[in-house]
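These are the residues of each chain, in order.
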Amino acid sequence: MSKLKYIIFFLTLLFSWEEVFSQEKDLGFILDSLELNSKADVYHAPFYDIDKKETVSAISTITGDELSNSSFLNLSDALQGKLSGLQVISTTGEPGTNASYLSIRGKSSTTDYAPLVLVDGIARDWVDLNPEEIESITVLKDMTAKAIYGLNAANGVVLITTKRGISNKLKITVGYEQGIKTPTTKPEFLAADEYASLYNTARSNDGLAPHYTDDEIKAYRNGTDPILYPNNDYYGYAMKNDVTYRKGYLNFIGGSKKSNYFVHLGYVGQDGLENVGTTSSYDRINIRTNLGMKLTDVITGVVDVSGRVELYNTPNLSSGDYFNLLSTTRPNEYPIFIHKGGSRETDILGGSLHQPKNIYGELNYTGYDKNVDRSIQTRFGFDLDFNEHIMGLSADVYVAVDGSNTFEYGKDEGYNSYMPLAKTDDGYDLFQVKQGAKTDDQVRKTNSDYFSNTFYGNINYDRTFREKHKLSVNAVGYRQTVSTSTQFYFIKTLHAGLNANYTFKNKYVLEGSSVWVGTNKLAKDKRVANSSAVGAGWIISNEGFLEENKILTHLKIKGSAGLMAYDPTIWTYMHLQRYGDGGVLVLGENNSVSRNTLIAHREENIELSYEQALELNLGIEVELFDALALEVNYFDNARKDMITNYAAVYPDYYGNDGAYFNNNSTLSEGIEGAISYNKTFGDIRLNIGANLMYQQTKWEDVLQMENLPEGMNQENRPIDGMYGYRNQGLFQSDNLARFSPSQTFGTVGAGDIRYQDINGDGVINNDDQEYIGNTSPTLSYGIQFGISYKNVNLFVAGAGFAGHYRYNDSKYYQMSGLDNYSEVARNSWTPELGADATYPALTTTKGENNYVTSDFWLEKADFFRIKNVEVGYTLPRKESRKFESKFFIRANNLFEVSAAENKNVDPERPNSGITEFPIMRSYTMGINLNI
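Residues numbered from 1 in each chain as written. Predicted model: local features only at pLDDT ≥ 70, side-chain atom pairs only at ≥ 80, totals over all residues. Heavy atoms only, no water.

## Looking at the overall build of the protein
Point 1. Across its full length, the protein holds 12 helices and 46 strands.
Point 2. For the protein, the C-alpha atoms occupy an extent of roughly 100 × 70 × 65 Å along the three principal directions.
Point 3. Burial analysis of the protein (931 residues in total) assigns 55% to the buried set.
Point 4. Contacts spanning at least 24 positions in sequence make up 71% of the contacts within the protein whose residues lie at least 6 apart.
Point 5. Surface exposure of the protein reaches about 39800 Å², of which carbon and sulfur atoms provide 55%.
Point 6. Charge centroids of the protein, computed over 87 positive and 116 negative side chains, lie 7 Å from each other. (Helix = DSSP H or I, 4+ residues; strand = E, 2+ residues; numbered from the N terminus. Buried < 20%, exposed > 50% of the residue type's maximum accessible area, 1.4 Å probe, protein only. Contact = heavy atoms within 4.5 Å. Areas by Shrake-Rupley, 256 points an atom, 1.4 Å probe, with all protein chains shown as cover. Lys, Arg positive; Asp, Glu negative; His and termini not counted. Charge placed at Lys NZ, Arg CZ, Asp CG, Glu CD.)

This is the structure:
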């Protein structure tokens with residue numbers, strides 16, 4: 001998109017909406033829990049305060065109290081569906097590693113789309129913060145809002161502000177909740193007799209004799225000899241149905257005229273799913289102290305210190321390996337116990353040549369891992385108020401030092417496993433398939449450190465002249481240095497610039513930013529760049545013809561555009577020539593001597609520079625009756641000069657990855673909107689809110705191989721596109737397969753997938769692939785509903801995604817050889833089932849033809865999930881005399897509605913519980929006290 005297009009859009013100021021916030025908050029617990037998007041005229045950003053009524057920026061916000069009604073282990077999960085323009089995709093449910101994927105206005109690239117997250121102005125770890133220590137979370141989406149935050153801000157900015165003290169008497173809040181969590185779905189795999197029967201079918205499909213006799217299948221079913229004919233339900237044996245979750249916190253807040261303080265102590269914990277052996281556990285403690293001290297009439301000192309300790313204990317088996325064992329091991333693979341003696345010395349564990357790992361042995365006799373993750377975050381500085389000397393002038397200066405350490409230690413042990421061959425007079429004839437020994441040595445496994453120091457300062461001038469000219473100017477300087485124990489260099493980023501907002505008669509707004517940014521990652525003459533943005537707005541409701549209107553209480557149209565430099569996809573020394581191991585030089589008589597050599601891994605490109613983000617935002621804000629609020633934004637975001645290299649198009653024999661250079665570009669267009677209604681009817685208070693975003697990003701220019709078939713050309717197609725073959729169902733006979741266009745992926749016969757000959761040349765090969773679907777949601781939305789009647793409240797929140805596909809390529813769907821069979825195999829093709837089959841014919845081969853990438857394995861991934869439900873009762877202070885208390889029950893991830901047919905697979909994470917820790921559903925109850 002050309003710059004001219006942006007100028008035209010900007011000048012026309014098309015109407016659009018986004019999120020406006022609800023009524024001013026009341027004080028009680030019950031009303032705190034009902035606020036959906038609290039209306040705040042002023043947002044406290046790190047560098048300056050943002051006046052919602054007078055800014056042209058696109059901003060969404062939420063309070064920490066609004067997030068505290070969830071029982072998620074990390075903060076990112078609690079944000080799903082809550083903020084307009086913020087897309088949150090859940091990952092694994094494993095404690096300590098389950099931060100969700102965040103993007104603002106979708107993904108603008110395939111490599112790095114995460115927003116910049118600042119906690120009290122500092123880029124630092126944030127997902128392990130507790131909602132009870134957070135004052136607000138604000139999302140900055142357009143150029144005028146985010147340009148001032150430097151190089152990493154092009155993907156949007158999330159500002160997290162922690163709570164601070166107030167000049168008031170001491171207020172204590174304390175809370176505790178406990179409950180259970182259970183997987184949202186549980187995969188279903190076949191029992192041994194059904195597996196054996198279908199495996200015989202697979203052999204028949206391959207023209208082979210049956211492997212299992214009828215008597216053996218009957219023995220699996222009846223359990224007459226569980227050693228030679230085991231029938232294991234590994235999930236039922238080795239995994240719990242639910243785990244315990246617990247959370248508690250204690251807050252102190254108060255102060256005097258000279259000082260204020262906020263102190264937070266929080267704890268969360270969750271047990272593991274292992275039902276035998278060493279059970280994993282996760283415990284986290286958060287501590288925060290935020291202090292403010294008025295040193296003089298001008299200077300206020302600020303000291304913030306927070307720390308976190310995480311303890312994660314597991315068997316010496318990763319979560320992925322654990323679930324892989326559960327899902328891929330056949331039910332008749334081995335008897336778990338050949339002899340159960342109760343100890344390592346007396347247990348005789350089963351195994352097989354195909355799978356020597358025994359699930360009980362892996363959980364009991366391989367050792368353990370103990371992980372200790374410690375971090376400390378500090379911020380020291382001064383707030384300077386020169387208002388008595390120069391009206392409207394203030395300044396801040398801060399230094400922050402963060403550090404963290406991850407330490408892992410444990411034991412690495414082994415065990416023996418045996419395969420039973422035949423029954424003998426005194427037991428069973430055994431063949432050892434795995435050997436291992438016990439050890440008493442505890443060892444250090446990993447140790448890593450992180451360190452950062454940050455300095456930032458800003459000067460603010462905010463003043464109104466002659467009651468109609470309001471000017472706010474902010475000069476900012478920011479520098480951060482980061483290092484880790486795994487790198488031998490420091491990463492430095494800095495930016496300095498100016499942001500200004502001018503409002504005339506509270507009606508007409510002009511806003512702009514200009515920032516110089518830099519990093520040490522690039523060549524010296526490429527390290528500095530400029531980011532600039534400009535915007536304008538018209539507050540129509542302040543015009544004379546609408547000023548006294550009681551119906552339309554707020555109406556504003558706004559627009560902004562800008563150009564930003566962006567660097568998170570750049571890593572240090574990326575522009576330099578790189579050599580490394582990989583070559584071999586052969587010398588001597590008969591080439592008998594070889595020597596390792598260095599080879600070029602990457603070519604030099606000192607012209608490598610920043611990516612560029614060019615963006616437009618057009619919006620409208622509407623408020624009716626001081627109760628119904630609407631906002632919608634249209635956005636058009638282009639990325640230019642994206643970094644790539646020739647490895648994408650050159651064959652492997654080229655010898656290295658080539659140079660990195662600026663080439664690719666994308667275009668993202670979309671619309672986001674939010675609506676909220678907040679009203680009190682006597683003893684009833686009602687809060688309803690919803691937000692929605694439609695967005696898709698396509699390639700404008702992309703490095704790809706020349707002379708590609710048209711169907712494989714990525715230009716003007718989604719950046720998350722999948723490319724493969726179009727299926728035409730299953731072959732119903734060998735003759736049909738024989739006389740159809742030749743498929744070049746392997747032997748083809750009845751029951752195999754039939755592909756479309758796109759180019760009509762009679763051969764189906766790489767030239768017949770085309771775009772078949774996209775993997776990222778194009779539509780995301782959230783709803784919130786809250787109602788209270790006197791002392792009783794109900795809150796419900798949900799989130800949904802649509803407009804995308806999932807590709808079912810896990811072993812749950814794509815089964816071959818000696819793989820385990822899931823319930824999907826029941827509907828595999830047989831001559832009897834014919835055209836009613838929904839799954840290809842089973843095979844003992846690799847099934848090359850059926851498992852090439854094709855739309856046969858695509859499935860619509862649309863779903864809606866109820867994320868939070870809370871029912872509470874508040875006992876007022878006057879009844880308990882000493883404190884106000886709230887009793888509640890909560891549920892998270894309560895249920896979901898999905899377009900997918902298979903309800904045994906989570907719609908958001910198809911590998912949940914199959915190859916990774918499952919997404920969890922929780923039920924808790926607890927109490928909050930306000931003393």
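Following the structure, the description resumes.
## Let's talk about the side chain of Glu132
Point 1. Along the chain, Glu132 falls in the loop between strand 7 (122-123) and strand 8 (134-140).
Point 2. With relative accessibility at 7%, the residue Glu132 sits in the buried group.
Point 3. Sequence-distant contacts of Glu132, defined by excluding residues within four places in its chain, comprise Ser68, Lys163, Lys247, Tyr249, Asn251, Phe262 and His264.

## A short note on the side chain of Ser60
Point 1. Inspection of the secondary structure assignment puts Ser60 in strand 3 (residues 59-63).
Point 2. Of note is the side chain of Ser60, whose polar atom sits 2.7 Å from the side chain of Lys141. (Polar contact = N/O pair within 3.5 Å; in protein donor to acceptor, adjacent residues only side chain to side chain.)

## Considerations on empty space enclosed by the protein
Point 1. All chains considered together, the criterion is met by 12 cavities of 30 Å³ or more.
Point 2. Size it by volume and the largest cavity reaches roughly 160 Å³.
Point 3. Together, 17 residues line the largest cavity, and Phe72, Asp77, Asn98, Asn893 and Met920 are the ones closest to its centre.
Point 4. In terms of residue class, the lining of the largest cavity is made up of four nonpolar, 10 polar and three charged. (1 Å grid on protein atoms, 1.4 Å probe; cavity = no way out; pocket = protein on both sides within 12 Å on 5 of 7 lines; lining within 4 Å. Points joined across faces, edges and corners; volume = space filled by probe spheres on them. Nonpolar A, V, L, I, M, F, W, Y, C, P; charged D, E, K, R; others polar.)

## Some points on the pattern of salt bridges
Point 1. One pass over the structure, following the stated rule, counts 48 salt bridges.
Point 2. Here the residues in one salt-bridge network are Lys52, Lys556, Lys558, Glu621 and Glu631, joined through shared partners. (Salt bridge = Lys/Arg side-chain N within 4 Å of Asp/Glu carboxyl O.)

## Description of the layout of surface pockets
Point 1. Roughly 960 Å³ of volume is contained in the second largest pocket.
Point 2. Lining the second largest pocket are 34 residues, and of these Ala123, Arg124, Asp125, Asn152 and Tyr450 sit closest to its centre.
Point 3. Elements with a minimum of two residues in the lining of the second largest pocket: strand 6 (116-119), strand 14 (299-315), strand 18 (393-412), strand 21 (443-465), strand 22 (469-484) and strand 23 (491-504).
Point 4. Taken together, the residues of the lining of the second largest pocket break down into 15 nonpolar, eight polar and 11 charged.

## Considerations on the nonpolar core
Point 1. One finds Tyr322, Leu326, Ile359, Tyr821 and Trp857 to be the most contacted residues of the largest nonpolar core, which totals 61 residues.
Point 2. Elements that contribute at least two residues to this core include exactly helix 6 (192-205), helix 7 (214-222), helix 8 (234-238), helix 9 (319-328), helix 10 (359-364) and strand 36 (753-755).
Point 3. Ranked by the residues each element gives to this core, the list is headed by helix 6, at six residues.
Point 4. For Tyr821, the contacting residues outside a window of four places in its chain are Phe189, Leu190, Tyr195, Leu198, Tyr199, Ala202, Met815, Leu842 and Thr843. (Core = buried A, V, L, I, M, F, W, Y, C linked by side-chain atoms within 4.5 Å.)

## Regarding the environment of Ala523
Point 1. The residue Ala523 is located in the loop between strand 24 (508-519) and strand 25 (528-539) in this model.
Point 2. Taking relative accessible area as the criterion, Ala523 reaches 11% and is therefore assigned buried.
Point 3. Taking the C-alpha atoms as reference points, Ala523 and Leu608, separated by 85 residues in sequence, lie 7.8 Å from one another.
Point 4. What Ala523 contacts, discounting residues up to four positions off in sequence, is His575 and Ile606.

## Let's talk about the packing of aromatic side chains
Point 1. Summed over all chains, the structure comprises 28 aromatic pairs.
Point 2. Arranged with centres 5.8 Å apart and planes meeting at 75 degrees, the rings of Tyr839 and Trp857 form a pair that is edge-to-face. Within this pair, whereas Tyr839 is found in the loop between strand 41 (805-807) and strand 42 (858-860), its partner Trp857 is found in the loop between strand 41 and strand 42, the two being separated by 18 residues in sequence.
Point 3. Judged by relative accessible area, which is 2%, Tyr839 ranks as buried.
Point 4. Through a chain of ring-to-ring contacts, the aromatic side chains of Tyr195, Tyr199, Tyr212, Tyr220, Tyr229 and Tyr821 assemble into a single cluster.
Point 5. For Lys370, the ring lying beneath its charged end belongs to Tyr368, and the centroid distance is 5.5 Å. (Phe/Tyr/Trp six-rings, centres within 6.5 Å; stacked < 30°, edge-to-face > 60°. Lys NZ or Arg CZ within 6 Å of the ring centre and 35° of its normal.)

## Looking at the pairing of strand 24
Point 1. Where strand 23 meets strand 24, 12 bridges bridge the pair, whose relative direction is antiparallel. Across the sheet, the residue bridging to Tyr502 is Leu510, located in strand 24.
Point 2. Between the antiparallel neighbours strand 23 and strand 24 lie three residues, among them Lys505 with a positive phi of about 55 degrees.
Point 3. Relative to strand 25, strand 24 runs antiparallel, the two being bridged by 11 bridges. Along strand 25, the bridge assignment pairs Glu511 with Gly535. (Pairing = 2+ DSSP bridges.)

## A word on the pairing of strand 26 (residues 552-566)
Point 1. Summarising burial for strand 26: 13 of the 15 residues are buried, a large majority.
Point 2. As paired strands, strand 25 and strand 26 are joined by eight bridges and run antiparallel to one another. Each bridged residue has a counterpart across the sheet, and for Gly537 the counterpart in strand 26 is Lys558.
Point 3. The pairing of strand 26 with strand 29 (residues 611-624) spans 14 bridges and is antiparallel. Its bridge partner lying in strand 29, Ser560 is registered against Asn617.

## Considering the confidence of the model for the protein
Point 1. With 94% of its residues at a pLDDT of 70 or more, the protein shows a mean pLDDT of 90.
Point 2. Confidence drops under a pLDDT of 50 for residues 1-39, and excluding neighbours within four residues, the segment shows 165 contacts in the predicted structure. (pLDDT = per-residue confidence, 0-100.)

## Some thoughts on the sheet that holds strand 19 (residues 417-424)
Point 1. On the basis of which strands lie adjacent, the open sheet formed by four strands has the order 15-16-19-20 and mixed pairing. The two strands at the open ends of the sheet, each matched to only one other strand, are strand 15 (337-339) and strand 20 (427-434). Along the sheet, successive strands turn relative to each other by an average axial angle of 50 degrees, direction set aside.
Point 2. The pairing of strand 16 (residues 348-350) with strand 19 spans two bridges and is parallel. For Gly350, the partnering residue across the bridge sits in strand 19 and is Tyr418. (Axes fitted to C-alpha atoms, helices over the stretch in contact; angles between N-to-C directions.)

## Things to note about the packing of helix 6 against helix 7
Point 1. Two numbers describe how helix 6 lies on helix 7: the axes approach to 7 Å, and their chain directions differ by 155 degrees. Relative to helix 7, helix 6 is oriented roughly antiparallel. Facing Ala192, Asp193, Ala196, Ser197 and Asn200 of helix 6, the residues of helix 7 in contact are Ile217, Tyr220 and Arg221.
Point 2. Here the contact of helix 6 with helix 7 is built from residues that sort into four nonpolar, two polar and two charged. (Parallel < 35°, antiparallel > 145°, perpendicular 65-115°, else oblique.)

## Quick notes on the sheet that holds strand 9 (residues 157-162)
Strands pair in a sheet through their backbones, by hydrogen bonds, and they do so in one of two ways: parallel or antiparallel.
Point 1. Taken in spatial order, the five strands of this open sheet run 3-8-9-6-7, and their pairing is mixed. Each edge of the open sheet carries a strand with a single partner, namely strand 3 and strand 7.
Point 2. Both strand 6 and strand 7 contribute to a ladder of two bridges, which runs antiparallel. Bridge pairing in strand 7 links Val119 to Ile122.

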